Amino acid sequence: MSQATLGIRAISGHAGSVPGAGVERGLEVCKLIDTTTCIGCKACEVACLEWNGLTFSETTFDNSYQTMPETSWNYWNLIKFNEHEREDGSMALLMRKDQCMHCEEPGCLAACPADGAIVQYVNGIVDFQQDHCIGCGYCITGCPFNIPKFSPTARKVFKCTLCNDRVTQGLEPACIKSCPTGCLHFGSKTDMKDLADKRAAQLREHSGFANAGVYDPPGVGGTHVIYVLHDSTNPEAYGGLPKNPTIPLTVQLWKTPLKWLGNLAIIGGLIGVFAHYLRFGPKIVEEDENGKQGARQ
Amino acid sequence: MTPEPHLLPNGRVLRYSYRERLVHWLAGFSYVYLLLTGLAFWSPWLFWIAVVLGGATVSRELHPWAGLVFVAAVLMMYRMWASGMKESPADAAWWKAVRHYIRNEDEQMPSADRFNPGQKLLFWGFLWNGLLLLLSGVILWFPQYIPWSLRFLRYLAVIVHPVCALLTIGLFIIHVYMGAAIERGAFGSVIRGDVSRAWADRHHHTWYRQLLRDSEARK
Ligand code: HEM
Ligand code: SF4
Ligand code: SF4
């Protein structure tokens, strides 16, 4: 357990310092998803279910290959399919593996009120600790990627762990291991960034994808899951990948300025009434002869 | 409406009926529970409150239910008190003189009816904020059922709920301070229900005079 604490750099709903902050030297990990070589085989979906031992759930047929409309509390890894019409009228079947992005600045963690329900490890993995989760669902609102999902039976929230249990043992995540085309890669953030940039340049220069690029959104400080897209100017086409994701504005206001303002106002109010009492004291009404019992004072 | 016998045989004045007092404390206790559990989720420094109150999961489960009780009590108050809480032309003068009220120079205050304008503000503040807290609270209660396309509702709720809660906390601090510390005699009025004649005459002169006139008329 102490080893786990050492590797933690941020804790949700936590008063005071973070035990592991700045202590452990560690690589930041990253998963690279090359959407241009994904064939939509869903091996990663199965691998995720298997490694994590998740219960089975209904699939939904909606005139597409997609297993269900969005990820679920027991389905953390979902290929999103989109029949995308290009500007020249030709079709592209866009496939993107959707899961937690392991944001550098995670909105889920910022929103969470429960001490230790969400932690961010030094290696960048954002992990939910369900034994500390109170099931409030604030994380659902904080996440710009629609990832945390509420389990009605557990009454807690679940999402992709980036196979934290495997990664701490020096293994790659289960999805990576299962991918038959090699479109999934796992390594340090810098290595993956390099690889992604090279692949995007290749697509631009040799494959005619002039807008090919890397998705590593700066609005959330970058992510520990990055994509190579054929058209990085239109991430929305890849099953609704937000163009410039940030922690929602009201969540930011709520968690910082409003908190300060509110706390100062409450403390100011309490001091104010106390000072008033010291200065002016109570209003005492002298009794008339009918009020012999007197007011309770 | 049959006039209640407000002038009690023991020479005191009935200010709040049993029903009014019950509803007041229903609102009071549910509000305090909401306040404490809400503050626990508001700040990590206050999370311990939820632990003391049976664990944060319990607080999270019960807070919305207490919210329903609270809003129900406030609506009952609305039924009982709305007419007395209506703004009247005399209110402006009262507000103008409010600094005398603050300085306990009550002789210089314009006379107040059953509820003075400050109490009216408290009432409407709790009513409207209570309704907004209910609306935003229901969204916070079931975020998992708000579809992604309607996520702006959640974004609104996380700001509306604490803002309204803070506004009621301001009202609440003043209300409790006045009722428990400043207005000697007021606390008894929501416990036993009665106040002295002098108290009624001083703080709610218009109301008290009307009671006297009514009782004359009934004779
Ligand atoms: C009227 C019905 C209400 C409902 C349905 C409701 C529901 C909720 C829900 C679901 C939450 C999320 C966490 C939790 O479950 O505890 C919450 C948070 C909160 N509630 Fe309420 N609530 C209501 C009324 C109130 C009232 C009257 C107050 C007054 C103090 C209040 C103060 C708070 C606060 C301070 C929070 C934490 C906000 C934050 O995390 O910043 N609520 N409420
Ligand atoms: S539901 Fe989400 S925000 Fe709430 S305690 Fe659990 S992890 Fe934290
Ligand atoms: S994608 Fe959502 S759940 Fe994952 S780390 Fe970012 S904010 Fe949290």
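Residues numbered from 1 in each chain as written. Chains lettered and ligands numbered in written order. Predicted model: local features only at pLDDT ≥ 70, side-chain atom pairs only at ≥ 80, totals over all residues. Heavy atoms only, no water.

## A few points about the overall build of chain A
Note the following rule: Runs of E in the DSSP output that reach at least two residues are strands. Runs of H or I that reach at least four are helices, and both are numbered from the N terminus. The buried label applies to any residue whose accessible area, calculated with a 1.4 Å probe on protein chains only, is under 20% of its type's maximum; exposed applies above 50%, and partly exposed to all values in between. Note on areas: these come from Shrake-Rupley sampling with a 1.4 Å probe, and a residue is covered only by the protein chains present in the view. By the counting scheme adopted, Arg and Lys are positive, Glu and Asp are negative, and His together with the chain ends is not counted. Every charge is mapped to an atom, namely NZ of Lys, CZ of Arg, CG of Asp or CD of Glu.
Secondary structure assignment for chain A yields nine helices and 11 strands. Over its C-alpha atoms, taken along the principal directions, chain A stretches across nearly 100 × 50 × 40 Å. Among the 297 residues that make up chain A, the fraction classed as buried is 51%. Accessible surface, chain A as shown: approximately 14,300 Å² in total, 56% of it carbon and sulfur. Mean positive and mean negative side-chain charge positions of chain A (26 and 31 charges, respectively) differ by 4 Å.

## Examining the coordination of the iron atom of ligand 1
Residues and elements named next belong to chain B. Convention followed: Each metal's donors are the N, O and S atoms within 2.8 Å of it, or within 3.2 Å when it is Na, K or Ca, and because water is not part of the set, sites may look incomplete. Key to geometry: four donors with every angle between 85 and 135 degrees are tetrahedral; four donors are square planar and six octahedral where opposite donors lie over 155 degrees apart and all remaining angles lie between 65 and 115; all other sites are irregular.
At 2.0 to 2.1 Å from the iron atom of ligand 1 lie its protein donor atoms, namely His63 (NE2) and His161 (NE2). Around the iron atom of ligand 1 sit six donor atoms, and with donor-metal-donor angles ranging over 85 to 179 degrees the site reads as octahedral. Separated by 98 residues along the polypeptide, His63 in helix H3 (residues 56–85) and His161 in helix H7 (residues 151–182) bring together distant segments of the chain. The burial state of His63 is the same as that of His161; both residues are buried.

## Remarks on the pattern of salt bridges
Applicable threshold: In the sections that follow, a salt bridge refers to a side-chain nitrogen of Lys or Arg positioned within 4 Å of a carboxyl oxygen of Asp or Glu.
Within this structure, the stated rule accounts for 14 salt bridges over all chains. When the shortest N-O distance is used, the salt bridge between Glu28 of chain A and Arg9 of chain A registers 3.7 Å. You can see Glu28 of chain A sitting in the loop between strand E1 (8–11) and strand E2 (29–34) and its partner Arg9 of chain A sitting in strand E1, a full 19 residues away along the chain. The exposure class of Arg9 of chain A is partly exposed, given its relative accessible area of 23%. The partner of Glu20 of chain B in a salt bridge is Arg114 of chain B, with the nearest N and O atoms 3.0 Å apart. Highlighted residues: Glu20 of chain B in helix H1 (residues 18–42) and Arg114 of chain B in the loop between helix H5 (98–102) and helix H6 (117–141), separated in sequence by 94 residues.

## What to know about the site of ligand 1
Test applied: Being near a molecule or strand, for a residue, comes down to having at least one heavy atom within 4 Å of it. Any pair of nitrogen or oxygen atoms within 3.5 Å is treated as a polar contact; in protein, a donor-acceptor pairing is required on top of that, and neighbouring residues in sequence qualify only through side-chain atoms on both sides. Buriedness of a pocket was judged along seven lines, with at least five required to meet protein on both sides within 12 Å; pockets are open sets of points on a 1 Å grid over the protein atoms alone, cavities are sets where a 1.4 Å probe fits but cannot get out, and lining residues have an atom within 4 Å of a point. Think of it this way: if more than half of a molecule's atoms are within 2 Å of a pocket's grid points, that molecule is in the pocket or cavity. Note on residue categories: nonpolar means Ala, Val, Leu, Ile, Met, Phe, Trp, Tyr, Cys or Pro, charged means Asp, Glu, Lys or Arg, and polar means any other residue, Gly included. The split of the chain into domains comes from an automatic or database domain assignment.
Around ligand 1, the structure places 23 residues, and the nearest of them are Tyr138 and Trp254 of chain A together with Phe41, His63 and His161 of chain B. Nearby residues place ligand 1 at the junction of chains A and B. Arg60 of chain B is positioned such that a nitrogen or oxygen atom in its side chain is 3.2 Å from an oxygen atom of ligand 1. Between His161 of chain B and ligand 1, the recorded distance is 2.7 Å, taken from a side-chain N or O atom to a nitrogen atom. Most atoms of ligand 1, that is more than half of them, are within 2 Å of grid points of the largest cavity. Of all elements in the fold, only H1, H3, H6 and H7 of chain B reach the threshold of two or more residues within the shell around ligand 1. Among the residues forming the shell around ligand 1, the class breakdown is 16 nonpolar, five polar and two charged. Among the domains, domain 1 (16–82) and domain 2 (97–219) of chain B are the pair contributing at least three residues each to the shell around ligand 1.

## Structural notes on unusual backbone geometry
All names here are of chain A. One non-glycine residue with positive phi stands out, namely His102, at about 50 degrees. The class of His102 is buried, set by a relative accessible area of 0%. A positive phi angle, near 55 degrees, is found at Arg155, a position not held by glycine. Inspection of the secondary structure puts Arg155 in the loop between strand E7 (149–151) and strand E8 (156–158).

## Considering the domain arrangement of chain B
Residue and element names in this part refer to chain B. As a reminder, the rule being used: When checking whether two residues touch, look at their non-hydrogen atoms; a contact exists if any pair is within 4.5 Å. Put simply, buried area is how much 1.4 Å-probe accessible surface two parts lose in total, over both of them, once they are put together.
Here chain B is described as being made up of domain 1 (16–82) and domain 2 (97–219). For domain 1 versus domain 2, the separation of C-alpha centres amounts to 15 Å. The partner domain 2 presents 27 residues to the 23 residues of domain 1 that form the contact. On the domain 1 side of the contact with domain 2, Tyr16, Arg21 and Tyr31 bury the most area, a combined 28% of that side's loss. Linking domain 1 to domain 2 there are one salt bridge. Inspection of the region where domain 1 meets domain 2 yields nine residue pairs in polar contact (both at pLDDT 80 or more). For the side of domain 1 that touches domain 2, the elements supplying multiple residues, two or more each, are H1 and H3. Looking at the side of domain 1 that touches domain 2, the element that brings in the most residues is H3, giving 13 residues. Looking at side-chain class alone, the side of domain 1 that touches domain 2 contains 18 nonpolar, two polar and three charged residues.

## Quick notes on a nonpolar patch on the surface
What counts here: Like charges are joined within 9 Å and nonpolar side chains (Val, Leu, Ile, Met, Phe, Trp, Tyr) within 5 Å, but only among residues with over 30% relative accessible area and no salt bridge; these make up the patches.
A surface patch of nonpolar side chains, about 360 Å² in accessible area, is lined by Val58, Leu62, Trp65 and Leu68 of chain B. Here Trp65 of chain B shows up in helix H3.

## Brief notes about the site of ligand 3
By nearness alone, 14 residues border ligand 3, and Cys100, Met101, Cys103, Cys108 and Cys143 of chain A come closest of all. Partitioned by chemical class, the residues of the shell around ligand 3 number 11 nonpolar, two polar and one charged.

## So, the packing of aromatic side chains
As a reminder of what qualifies: Aromatic pairs are defined between Phe, Tyr and Trp rings, using the six-membered ring for Trp, whenever the two ring centres lie within 6.5 Å; interplanar angles under 30 degrees are classed as stacked, those over 60 as edge-to-face, and all others as tilted. Consider the ring centre and the ring normal. A charge sits over the ring if Lys NZ or Arg CZ is within 6 Å of that centre and within 35 degrees of that normal.
Inspection of every chain in the model, using the stated rule, returns 20 aromatic pairs over all chains. Residues Tyr31 of chain B and Phe70 of chain B carry aromatic rings whose centres are separated by 5.5 Å and whose planes lie at 50 degrees to one another, so their mutual orientation is tilted. Residue Tyr31 of chain B is found in helix H1, and its partner Phe70 of chain B is found in helix H3; the two are separated by 39 residues along the sequence. Classification of Phe70 of chain B as buried rests on a relative accessible area of 5%. Judged by centre distance (5.0 Å) and plane angle (85 degrees), the ring pair of Trp65 of chain B and Trp141 of chain B falls under edge-to-face. Note that Trp65 of chain B is positioned in helix H3 and Trp141 of chain B in helix H6, a separation of 76 residues in sequence. An aromatic cluster of at least three residues, connected via ring pairs, comprises Tyr31, Phe70, Phe126 and Phe172 of chain B. Over the aromatic face of Trp42 of chain B sits the side chain of Lys259 of chain A, whose NZ or CZ is 4.3 Å from the ring centroid.

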